Amino acid sequence: MKKYAFILFGLLTLTIFVSSCKKDNDTSPSSNFPGVPSGEIVSVEEREGVLTRTSTSLKYTNSDGYWTYSEAKITISGCGNEEETDLFAEQGISPSSIEIKFGLDHILYTRQNGIESQAGTWSWSNESTKDGIIIDKYPSVEFTFTALNKNEVVYASKQEGAYQDCTSVTAITYERVVYY
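Definitions and limits used
Per-chain numbering applies: the sequence of each chain, read as written, is numbered from 1 onward. Confidence filtering applies because this is a predicted model: local features only for residues at pLDDT of at least 70, side-chain atom pairs given and counted only at 80 or more, and all residues used for totals across whole chains, interfaces and linings. The basis for the side-chain values is all heavy atoms of the structure; hydrogens and waters are excluded. Here pLDDT means the predictor's own confidence in every residue, given as a number from 0 to 100. Here a helix means four or more residues in a row that DSSP labels H or I, a strand means two or more in a row labelled E, and each is numbered from the N terminus. The rule is short: rings of Phe, Tyr and Trp, with Trp giving its six-membered ring, pair when the centres are within 6.5 Å, and they are stacked under 30 degrees, edge-to-face over 60, tilted in between. The rule is simple: take the accessible area with a 1.4 Å probe, protein chains only, and divide by the maximum for that residue type; under 20% is buried, over 50% is exposed, in between is partly exposed. The definition of a nonpolar core used throughout is a set of buried Ala, Val, Leu, Ile, Met, Phe, Trp, Tyr and Cys residues joined through side-chain atoms within 4.5 Å. Disulfides are defined as cysteine sulfur pairs within 2.5 Å.

Now for the confidence of the model for the protein chain. For the protein chain, per-residue confidence averages 83 on the pLDDT scale, and residues scoring 70 or more make up 82% of the total. Looking over the protein chain, one finds the lowest element-wise mean pLDDT in helix α2 (residues 14-17), namely 36, and the highest in strand β8 (residues 142-148), namely 97.

This paragraph deals with the packing of aromatic side chains. On inspection of all chains with the given rule, the structure shows six aromatic pairs. Between W122 and W124 the ring centres are 5.1 Å apart and the planes differ by 85°, which places this aromatic pair in the edge-to-face class. The pair formed by W122 and W124 is uniform in burial state, with each residue classed as buried. Pairing F143 with Y155 gives two aromatic rings, centres 5.8 Å apart and planes at 90°, and the pair type is edge-to-face. Residue F143 is found in strand β8, and its partner Y155 is found in strand β9 (residues 152-163); the two are separated by 12 residues along the sequence. By relative accessible area, F143 is classed as buried at 1%.

The next thing to look at is the nonpolar core. Formed by 27 residues in total, the largest nonpolar core has its most connected members in L51, F102, I133 and Y155. Breaking this core down by element, the ones donating at least two residues are α4 (44-51), β2 (67-78), α5 (87-91), β4 (98-102), β6 (115-124), β7 (132-135), β8 and β9. When residues in this core are grouped by element, the largest group, four residues, is from β2. Judged by nonpolar contacts, the second largest core, of seven residues, contains F33, A147, I172 and Y174.

What follows deals with the state of the cysteines. Under the definition given, this model contains one disulfide. Here C79 is linked by a disulfide to C166, with a sulfur-sulfur distance of 1.8 Å. Because the sign of the S-S torsion sets the handedness, a value of about 105° for the bond joining C79 and C166 places this disulfide among the right-handed ones. Here C79, found in the loop between β2 and β3 (81-86), pairs with C166, found in strand β10 (residues 166-178); they are 87 residues apart in sequence, far enough to count as distant. Classification of C79 by relative accessible area gives exposed; the value is 51%. Taking relative accessible area as the criterion, C166 reaches 10% and is therefore assigned buried.

Here is the structure:
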């Protein structure tokens with residue numbers, strides 16, 4: 001669990017790393033998040049059932065609501081530099097050993113080695129469009145879906161601002177979870 005907390009912390013470090021951030025207003029996932037995997041996004045009406053894995057129409061086989069991590073990365077660029085960090089590789093752990101569940105109760109659950117714990121809460125960034133989420137521990141960061149379907153969820157954030165001597169830094173983070 002501590003490793004998951006570190007990964008979540010590392011992925012969301014951009015809230016501390018990039019000061020004076022502004023959210024990019026472009027809502028097109030493919031153009032707003034270069035290098036981030038994308039895929040099918042189900043209709044607004046299906047999004048909560050898919051994210052929480054409670055959709056009766058999809059009939060998840062043996063579903064307990066958990067998604068298995070596939071990858072978590074952060075790319076920081078600006079002032080002529082670009083650095084991508086694989087947060088799982090950096091910690092020497094397998095992403096498939098960590099699972100996440102977006103509960104209908106809006107609690108964010110994690111499970112590692114069979115041990116379940118609560119990692120906070122989540123909410124829709126926009127209740128009517130359900131195109132992204134906010135995690136309570138990082139309320140200033142909106143994660144936009146670039147994929148949301150019965151087999152995978154990818155949510156990403158892009159922040160821009162100044163850092164140290166560089167006036168233009170961009171941090172793009174994403175997590176990809178899958179269901180097989």
